[in-house]
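Descriptive analysis of the structure
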Amino acid sequence: MKQDLLKLLDLTPEEITAILNRADQLKYEKKHGIPQKYLEGKTLAMIFEKNSTRTRVSFEVGMFQLGGHALFLSGKESQIGRGEPIEDTARVLSRYCDGIMIRTFAQAEVEELAQNADIPVINGLTDFCHPCQVLADLLTVREHKAVLEGLKLCYIGDGNNMANSLIVGGLKMGMEVAVACPEGYDPAPQVLEFAKSSPAHKFSLCRAPKEAAAGADVVFTDVWASMGQEEEKTVREKAFQGYCVDTALMALTNPGCMVQHCLPAHRGEEITAEVFEAHAQEIFDEAENRLHAQKAVMCLLMENR
Ligand code: CP
Ligand code: NVA
């Protein structure tokens, strides 16, 4: 039976740990020039219905490093953009390729693609979640802090795809998760429902960034207007006043607190240039780890098929 990576809600803590461990191994091999052609002769189709820099480059480079090939399909330029049903696209790509990565709007589209494909499907971001990013984030925090369990993860900003995946990923790995977002911009109900299943002291959602940041070991933030929300930019800028990760907020966190941002970042909005630059090493480690985490996902899903 093929497996997919559609959302972190589908994974057990053991499965997440297995991905992080494999990513550590792949990163070590890469840095030490050890051959890693685990996907020789295999092809990954990458469907993009939204823009990307990191996701596209890290999947394509990752596939190359593993001895395989990645194929870029723009939603607009393929028949998907002219309305070919997703289930037919799934069946066609299953005849040519060994895996599909998709970045799109609706989570339902990714789920439908996976249901109709005979090959693994990987979610490269939807409006609902960004599992590959959060696997890279967990990898980065574990590298810097040695453990995940017991650390306090704080998220400041929009209850968007990043917030959804961080809440699920953080709680599954035994972290304490504290979220601060403005009213009307809460994380998805399905995610808040999942969070309720954790012990009460492990999850909090509040309106005050200072409350969420107090005693944090890692602070996350993300853009106020995500892809597809460009028209809401002005309204959102007003709603998110006071939700900027700045030096005053960082002063409330634990000593050695990390800052993570999935990028692209809007300096002067969700994060100040000062905080961004002070934590640039960690933020670009995080970007690099997209490569290693996704190589791990591709190996685990595609190598024995
Ligand atoms: N963080 C992230 O997914 O970046 P891209 O949009 O550049 O892929
Ligand atoms: N929340 C952002 C993440 C970009 C990687 C977006 O969806 O645009």
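Heads up: these notes are all about the structure in this document. (Residues numbered from 1 in each chain as written. Chains lettered and ligands numbered in written order. Predicted model: local features only at pLDDT ≥ 70, side-chain atom pairs only at ≥ 80, totals over all residues. Heavy atoms only, no water.)

1. Things to note about the pairing of strand S7 (residues 203–206)
In terms of strand pairing, strand S6 (residues 176–180) meets S7 through four bridges, oriented parallel. In the strand pairing of S7, Ala 180 is matched with Cys 206. (Pairing = 2+ DSSP bridges. Helix = DSSP H or I, 4+ residues; strand = E, 2+ residues; numbered from the N terminus.)

2. Some details on empty space enclosed by the protein
A full pass over the atoms with the stated rule returns one cavity of 30 Å³ or more. The volume enclosed by the largest cavity comes to roughly 40 Å³. If you trace the largest cavity, you find it lined by Lys 7, Leu 8, Leu 9, Phe 128, Cys 129, Asn 164, Ser 165, Val 168 and Val 191. Broken down by element, the lining of the largest cavity gets its largest block of residues, three residues, from helix H6 (residues 161–172). Looking at the lining of the largest cavity residue by residue, the classes come out as six nonpolar, two polar and one charged. (1 Å grid on protein atoms, 1.4 Å probe; cavity = no way out; pocket = protein on both sides within 12 Å on 5 of 7 lines; lining within 4 Å. Points joined across faces, edges and corners; volume = space filled by probe spheres on them. Nonpolar A, V, L, I, M, F, W, Y, C, P; charged D, E, K, R; others polar.)

3. Observations concerning the site of ligand 1
Around ligand 1 sit Ser 52, Thr 53, Arg 54, Thr 55, Arg 103, His 130, Gln 133, Cys 262, Leu 263 and Arg 290, and those are all the residues in its vicinity. In this structure, an oxygen atom belonging to ligand 1 sits 2.7 Å away from a side-chain N or O atom of Ser 52. Within the contact set of ligand 1, a nitrogen atom lies 2.9 Å away from a backbone nitrogen or oxygen of Cys 262. When ligand 1 sits alone it has 260 Å² of accessible area, and the protein chains cover 95% of it. Taken atom by atom, the bulk of ligand 1 overlaps the largest pocket. Residue composition of the shell around ligand 1, grouped by class: two nonpolar, five polar and three charged. (Near = heavy atom within 4 Å. Polar contact = N/O pair within 3.5 Å; in protein donor to acceptor, adjacent residues only side chain to side chain. Areas by Shrake-Rupley, 256 points an atom, 1.4 Å probe, with all protein chains shown as cover. Sits in = over half its atoms within 2 Å of the grid points.)

4. A look at the layout of surface pockets
Estimated volume of the largest pocket: approximately 510 Å³. Along the wall of the largest pocket there are 28 residues; nearest its centre are Val 223, Ala 225, Ser 226, Met 227 and Pro 264. Within the residue set of the lining of the largest pocket, elements represented by two or more residues are helix H2 (54–65), H6 and helix H9 (233–239). Looking at the lining of the largest pocket residue by residue, the class counts come to nine nonpolar, nine polar and 10 charged. Looking at the second largest pocket, it is lined by 14 residues, and the ones nearest its centre are Gln 3, Asp 4, Leu 11, Glu 15 and Leu 301. Residue composition of the lining of the second largest pocket, by class: eight nonpolar, one polar and five charged.

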